[in-house]
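# Architecture at a glance
Single-letter residue listing:
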Amino acid sequence: MVSKIWKPPKPLDGHIFCYGRTGSGKTFKMIAIVQYYFEHGYKIWDLYGGKRREGSFWCIPSDENKLWDDFEKEVGILKEPGPKEYKVNLYFPFFNSSLPDKVPELLPRIKSNLFTIYWKDLAPEHISVLIGEVTENQKRIWEKMKKDLADNSTPQELIEWFRERNNKKFKHNPLYYNFVEPLCKEKLLQGKYCKTNINFIEESKEKDRVFVLNEDYTPIKYRMFLMSYIANNLYNLVNNEKIHHKNIMVFREMNLFMKVQDEASQDAKQKQQLRNEISDIARYGRSGLHLAGDTQSPAEVKGIVEGQQDLLCINELPGARDREEACERLRKDGKISRKQIAYIGSMPVEQMVVLGRYDKNAKLLKRVQPPRTMGWKRNTGQFQKVWKNKYNSYKDIRDIKNEILQREKEREHLLKEEQELSKEKELKSKEDFNKEEEFDEEDFKLGADDI
Amino acid sequence: MMELNLTEEEENAISEEARDRKFRIRTDKYIYAIDSVEEVKTFIDAYKFLDILADNLRRKEKTEAVAAKIRNYLQQFDNIYKILIDLYCEYDDGLETGKYYYKEKMRECLAKEKEKIKTLINDVYPIGRKISKYDPSDSSGLY
C-alpha cells in the first residue's frame, strides 16, 4: 500500500499529549510535532525540559544522520535538509548566587537573556507554587507591601520593609522567609523599571524565535514557580487579547509535577498548586494557549488532561493498565480496536498511534519524522557540555549582574539622602516652631510691662 | 537500445498523471524480486504501466509529446512482452505439474533478454512513483 504523508491537525484547537514508556521516543516525536506547528506560525514557549533540562537543545540541529537517511529512503527526496538551525531566545532567571560569569550565546541566531521579575506583577497564585496555599493573612501582607512600597523599589527595600517596626511581626511568616527574602537576596524580584524584567508581549511578537526557559542555573525548588509564573502570564495575556492566539507551551515529563498519586512527596502542596494551574489552563485557555506534554503513564495525569487533547499520540506502552488508561475510552467510542490496543504493547520505536480530535479512527504512523534538533543522549550528555564542544561561544554577563547590584546601591544611596533631607526638614520646622513660641513670650512680657 | 530520456518536466507530468489516475508500481518487488517468476511479473507490470500511462497522456494536449516518446520507447519491448506474458499466463493459470516447465521457459527468456528487461524496469521505477519532495517543514511522518 502506498504510504501517505501525515500532517498534524491545523489549526490547533486543543492540546497535544504524548504517552509512552521510557525509551519509546515520545519526547522526540512530540518535539517533531511541535516543530511542525512552529513552521506554521505558532510561537513556541519551551518551559520545562524535564530532568535532563533538554529545552536548550532547540539551539542545536539534529546530528542523527543515519536516522534522517533512513527516513529519506522511505519518504523520498527531501525538499530541504532535515536537521535545522532554529532561532532561539534563551532565558536565564536571575539567581545571583548561581549564575556564572558567562552564558551560551551565538548571535544572531541564539540570543541569551537574563531575566528578572517585576515583583508587583506577582499574585498569590504565583506565590502559592512556592510556599503552598496562600492564606488570607498572607494575601493582606502582600497587598500592604504593594501599597506601601514604590513601583521601582529594589529587592533590598522589600526586605527592609519587613524590618520596619510595624512589619517586624511578619518576618516569621513563610511569605517572608520562603518567598520574599530568598528571591530578593537572589535579585530575581526587581522594581518596575529594571531593564532585565521579562516582557512577554515583546517576546510573543518574535514568532520566528523559540522561547526557551533555561534552568541550568536555577535552584530546583524555584523551577515550578517560574513555570507557573510564565504560564499564568501567558494565559492572562491571551485571554485579555494582549498577545496573539497561536502559542504552544512545551513540557517534557509532565508526570514530574502532574503526577496525581504523588501526595507523599515533600513538595506535594507546591506540585498540587502547579497541577491545578496547568489543569485550568488546559481547560480554559484553549483558544490561543496550547499545551504540548509527554508522560510515561496516562494514569499519572488521569482526570487532569483527559478529554482536552486535540492530538493524542501513543507510543509503546507495555503495561496493560497504561494501555487501558490511554485507550479504553477510545475503544468504547469505536476509534481503536482491541487488536490495535494490543499492538501498542510492543510497537516499534519509529511508529506511533495518533488520534486527532475529529478523526474517526486512530492512525498508525509507520514512520514519524525525526525531530530537526538534537535531544539528550547518554553518550553526548547535557546541553552545556554539547554546547561547549560544538560552538564554545558565550556572552559575558558580569556587566549586567554588576549593573543590577549597582542600581540597588544607587537607590539605597538616594533613599538615604531623602531620609536625611526629610530629617533635616523635620528638625528645621521644630526649630522654627520653638522660635515662634519664644517670640510670643517676649511680646507678652512687653505687653505686660507696658500695662 | 533506445533509452527513455525524460526531462524533469516530463517526469513531473507523468508522475502527476500517474498520481491522479492512481497508477501504482510495487516498488519492493522492483528491487528485490526473489525469483524469475516475480521478475517477469514485474516486467509485465512495468510494461503495462507505461502502456496505459501513454494512452492517458495522449489524450491531453500538453502531454501528447511525452506520450509519443513513451510509445516509441515501448516498441522495443513489444516482442519480449508478448512472449513473457504468454508464459506467465500459462504458468499462473496452469496445473501445478506444468508450472515448473513454464518457470524454466521464463528463466531462459530472462537470461537471454536480461539487459532489456532490466532496462525497462529501471526506467519505469523512478517515474512510476511520485517524485517525492517531502517537505520536513510541512509534514510529520507517514501512515
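See the structure shown above.
In what follows, the accompanying structure is described. (Residues numbered from 1 in each chain as written. Chains lettered and ligands numbered in written order. Predicted model: local features only at pLDDT ≥ 70, side-chain atom pairs only at ≥ 80, totals over all residues. Heavy atoms only, no water.)

## So, the overall build of chain A
On a plain count of helices and strands, chain A comes out with 14 helices and 16 strands. By the compact-globule yardstick of 22 Å for 451 residues, chain A is too spread out, its C-alpha radius of gyration being 28 Å. By principal-axis analysis of the C-alpha atoms, chain A measures approximately 125 × 45 × 35 Å. Within chain A, buried positions represent 51% of all 451 residues. If you take every contact in chain A between residues at least 6 apart in sequence, the share linking residues at least 24 apart comes to 77%. Taken as a whole, chain A presents about 22,400 Å² of accessible surface, with 48% of it coming from carbon and sulfur. Between the mean site of the 80 positive side-chain charges and the mean site of the 73 negative ones, chain A shows a separation of 10 Å. (Helix = DSSP H or I, 4+ residues; strand = E, 2+ residues; numbered from the N terminus. Rg over C-alpha atoms; globule rule 2.2 N^0.38 Å. Buried < 20%, exposed > 50% of the residue type's maximum accessible area, 1.4 Å probe, protein only. Contact = heavy atoms within 4.5 Å. Areas by Shrake-Rupley, 256 points an atom, 1.4 Å probe, with all protein chains shown as cover. Lys, Arg positive; Asp, Glu negative; His and termini not counted. Charge placed at Lys NZ, Arg CZ, Asp CG, Glu CD.)

## Describing the sheet that holds strand S1 (residues 5-6) of chain A
Across the sheet, three strands lie side by side as S1(A)-S1(B)-S15(A); this open sheet has antiparallel pairing. Across the chains shown, the open sheet's two edge strands, defined by having one partner strand only, are S1 and strand S15 (367-368) of chain A. (Pairing = 2+ DSSP bridges.)

## Topic: the packing of aromatic side chains
Evaluation of the coordinates by the stated rule reveals 27 aromatic pairs over all chains. With 5.2 Å between their ring centres and 85° between their planes, Trp58(A) and Tyr86(A) make a pair best called edge-to-face. Within this pair, whereas Trp58(A) is found in the loop between strand S3 (43-48) and helix H2 (65-75), its partner Tyr86(A) is found in the loop between H2 and strand S4 (87-93), the two being separated by 28 residues in sequence. For Trp58(A), a relative accessible area of 1% gives the class buried. An aromatic cluster is defined as three or more aromatic residues linked by ring pairs; in this entry it consists of Trp45(A), Tyr91(A), Phe115(A), Phe200(A), Phe211(A) and Tyr229(A). The ring of Trp376(A) is capped by Arg52(A), whose NZ or CZ atom sits 4.0 Å from the centre of that ring. The ring centre of Tyr143(B) lies 5.2 Å from the NZ or CZ of Lys363(A), which sits over that ring. (Phe/Tyr/Trp six-rings, centres within 6.5 Å; stacked < 30°, edge-to-face > 60°. Lys NZ or Arg CZ within 6 Å of the ring centre and 35° of its normal.)

## Examining the pairing of S3(A)
Residues and elements named next belong to chain A. Counting buried positions along S3 gives six out of six residues, so the element sits mostly inside the fold. In the sheet, S3 pairs with strand S10 (residues 247-251) via five bridges, with the strands oriented parallel. Across the sheet, residue Asp46 finds its bridge partner in S10, namely Val250. Alignment of S3 against strand S9 (residues 209-213), held across two bridges, turns out to be parallel. Looking across to S9, one finds that Trp45 is bridged to Phe211.

## Here's the deal with the pattern of salt bridges
On inspection of all chains with the given rule, the structure shows 36 salt bridges over all chains. Here Lys79(A) makes a salt bridge to Asp135(B), at a shortest N to O gap of 4.0 Å. Here Asp135(B) lies in the loop between helix H7 (114-128) and strand S1 (141-142) and Lys79(A) lies in the loop between H2 and S4, a pairing that spans two chains. Between Glu202(A) and Lys205(A) there is a salt bridge whose closest N-O contact spans 3.1 Å. Of this pair, Glu202(A) and Lys205(A) both sit in helix H7 (residues 200-205), three residues apart, which is roughly one turn of the helix. Owing to a relative accessible area of 43%, Glu202(A) belongs among the partly exposed residues under this scheme. Through salt bridges that share partners, Glu39(A), Glu80(A), Lys84(A) and Arg372(A) make up one connected network. (Salt bridge = Lys/Arg side-chain N within 4 Å of Asp/Glu carboxyl O.)

Taken by themselves, the reported measurements are silent on function.
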